[in-house]
Amino acid sequence: GMAVGVSLAGIIAQTLGWRWVFYLYSLPALAAAFVLFKVVKEPPRLSESAHQERVPYRLVFQDKDIWLYSLGGIAAVYVLWVLATWAPAMFQEIGVKELALASTYSSLLGIAAVPGLLLAGWFSDWMVRRGKGRKAQIAGQMLLTGICVALIGMAIQGRVSPWVLAALFFLAGFFFWGIWAPTYALLPEMVPPQVLGTAYGLINTVHFTGSLVAPWLTGLIKDITLSFAWGAYIAAIVSVVGAVFFLAIKPSFRLDPEHRIALGGLTTAERG
């Protein structure tokens, strides 16, 4: 969806004008809403008695590991919004003059998500079956993302071939999209199901502060330095810092296989 959307947006804007992107893109959204309403059935609702125990919501907000998890995710969202927002302009900076072509190159970010998420999810489950946690994989992928984004900065400075920059965008997208498969699999291992929705909402609220800062800060850096290269370097640093936050989460497994242990219900020995 992202790959097609970014690519077509450039073509539509170049041929019909940018306003037509919004007019035309409203149609599939309305169609999807209609199909969702007509086709997808409501799941059966569990009664209150189906819960084994009540868990206070405040435990989610008081838990240090949840906040480390939340802060770590800011980095991945920050990188995503730097590249997704400014990718066509980055290609234009190295000499791609047509907006449609720049958008087509940028669509590789969306294409990279397909193998990135599938392979990262499979590898994450494979590691768990071998008795390993997920946080090391998350941190590793964030470090690899940081390296790729730093290389993007160097490529912009060096005015490389668009195909070289496109390959770096694909690699960066492969790694940062793959972050989300083990990240979202880790959360149910840290909190009981009774407060999973609250925890999910909290961590996403914090994560997406990265989306508020990234486009503005990168644009500001571009205005000051006259290049997107330093915006990429800053994003690489942010990605490395995010990896440190995820590595600081202790332990990597918090609940038993049936998720029956509430937050704060483990002893120090059990947490180890």
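Each remark here, short or long, concerns the structure printed above.
What counts and what doesn't
Throughout, residues of each chain are indexed from 1 in the direction in which the sequence is written. Predicted model: local features are reported for residues with pLDDT of at least 70 only, side-chain atom pairs are reported and counted for 80 or more only, and whole-chain, interface and lining totals are derived from all residues. For side-chain calculations, the full set of non-hydrogen atoms in the structure is used, while hydrogens and water are omitted. The helix and strand labels rest on DSSP assignments: H or I over at least four residues marks a helix, E over at least two residues marks a strand, and numbering proceeds from the N terminus. Buried residues are those whose accessible area, probed at 1.4 Å on protein chains only, stays under 20% of the maximum for their type, while exposed residues exceed 50% and partly exposed ones sit between those limits. Between two residues, a contact is recorded if the distance between any of their heavy atoms is within 4.5 Å. Each accessible area is a Shrake-Rupley result for a 1.4 Å probe, and residues are judged covered by the shown protein chains and nothing else. Working definition of a nonpolar core: buried Ala, Val, Leu, Ile, Met, Phe, Trp, Tyr and Cys residues. They are joined through side-chain atoms within 4.5 Å. In this analysis, rings of Phe, Tyr and Trp, with Trp reduced to its six-membered ring, are considered paired at centre separations within 6.5 Å, and the interplanar angle assigns stacked below 30 degrees, edge-to-face beyond 60, and tilted for intermediate values. By definition here, charges over rings are those cases where NZ of Lys or CZ of Arg is within 6 Å of the ring centre and within 35 degrees of the ring normal. The convention used is that axes are lines fitted to C-alpha atoms, helices contributing only their stretch in contact, and that angles between N-to-C directions extend from 0 to 180 degrees. Roughly parallel means an angle under 35 degrees; roughly antiparallel means over 145; roughly perpendicular covers 65 to 115; every other angle is labelled oblique. Here a crossing is taken to be left-handed if its near helix is turned anticlockwise relative to the far helix by less than a right angle, and right-handed if that turn runs clockwise. Expected span of a helix, by definition, is 1.5 Å for each gap between consecutive residues, and there is one gap fewer than residues. A residue's bend is simply the angle between two axes: one fitted to the seven residues ending at it, one to the seven starting at it. Polar contact is the term for a pair of N or O atoms within 3.5 Å; when the atoms are in protein, one must be able to donate a hydrogen and the other to accept it, and sequence-neighboring residues count only if both atoms are side-chain atoms. What makes a patch is a set of residues exposed beyond 30% relative accessible area and free of salt bridges, joined within 9 Å when like-charged and within 5 Å when nonpolar (Val, Leu, Ile, Met, Phe, Trp, Tyr). The term salt bridge refers to a pairing of a side-chain nitrogen on Lys or Arg with a carboxyl oxygen on Asp or Glu at a separation within 4 Å.

Considerations on the overall build of the protein
Regarding its fold elements, the protein presents 13 helices and zero strands. Each helix and strand of the protein, placed in order from N terminus to C terminus, yields the pattern α-α-α-α-α-α-α-α-α-α-α-α-α. For the protein, buried positions account for 44% of its 272 residues. Across the protein, every contact between residues at least 6 apart in sequence was considered, and the portion connecting residues at least 24 apart equals 79%. Carbon and sulfur atoms form 70% of the exposed surface of the protein, whose accessible area is close to 14500 Å².

A short note on the nonpolar core
In this structure, L83, F91, I152 and F169 are the most contacted members of the largest nonpolar core, which totals 60 residues. Broken down by element, the residue count for this core peaks at 14 residues, all from helix α4 (residues 64-93). With residues near it in sequence (within four places) discarded, F169 still touches L83, A87, M90, F91, L109 and I152.

Remarks on the packing of aromatic side chains
The way to describe two aromatic rings as a pair is by their centre distance and the angle between their planes. As enumerated under the stated definition, the model contains 14 aromatic pairs in all. A ring pair is formed by W180 and Y184, whose centres lie 5.5 Å apart and whose planes are at 25°; its orientation type is stacked. With a gap of four residues between them, W180 and Y184 both fall in helix α9 (residues 180-190), about one helical turn apart. By relative accessible area, Y184 is classed as partly exposed at 28%. Grouping aromatic residues by their ring pairs yields a cluster made of F91, Y105, W163 and F169. Against the face of F228 rests K222, its NZ or CZ located 5.4 Å from the ring centre.

Let's talk about the packing of α4 against α9
In helix packing, the relevant descriptors are the interaxial angle and the interaxial distance, both defined with respect to the helix axes. Viewed as axis vectors pointing N to C, α4 and α9 meet at an angle of 170°, and their least axial separation amounts to 12 Å. Regarding the angle of α4 to α9, the classification is roughly antiparallel. Considering how the two elements wind past one another, α4 and α9 form a crossing that is left-handed. Touching D65, I66, Y69, G73, A76 and V77 of α4 are W180, T183, Y184, L186, L187 and M190, all from α9.

Focus: the side chain of T218
Structurally, T218 is set in helix α11 (residues 209-225). By relative accessible area, T218 is classed as buried at 1%.

Remarks on α4
When the terminal C-alpha atoms of α4 are compared, their 42 Å separation across 30 residues agrees well with the 44 Å that a helix rising 1.5 Å per residue should span. The largest bend in α4 comes to about 60°, at A87, with the proline P88 one to four residues further on. Regarding α4, its N-cap is D63, as a side-chain oxygen of that residue lies 3.1 Å from the backbone nitrogen of D65 further along. Positive phi appears at G95, one or two residues downstream of α4, with a value of about 120°.

Some words on a nonpolar patch on the surface
A contiguous nonpolar patch, built from V4, L8, I11, L16, W18, W20, F22, Y23, L24, Y25, L27 and L30 and spanning about 1200 Å² of accessible area, is present on the exposed surface. Broken down by secondary-structure element, the contributors of at least two residues to the nonpolar patch are α1 (2-16) and α2 (19-39). Considering each element in turn, the nonpolar patch owes the most residues, seven residues, to α2. As for its position among the elements, W18 is in the loop between α1 and α2.

Section: the pattern of salt bridges
Under the defined criterion, the tally for this structure stands at three salt bridges. D125 is the partner of R134 in a salt bridge, and the nearest nitrogen-oxygen pair spans 3.2 Å. Residue R134 is classed as buried on the basis of its relative accessible area, which comes to 6%. For D125, a relative accessible area of 36% gives the class partly exposed. With a shortest N-O distance of 2.9 Å, E189 and R134 are connected by a salt bridge. With a gap of 55 residues between them, E189 in helix α9 and R134 in the loop between α6 (108-129) and α7 (135-158) connect regions that are remote in the sequence. You can call E189 buried: its relative accessible area is 11%.

Everything listed here is a matter of coordinates, which is why it stays silent on function.
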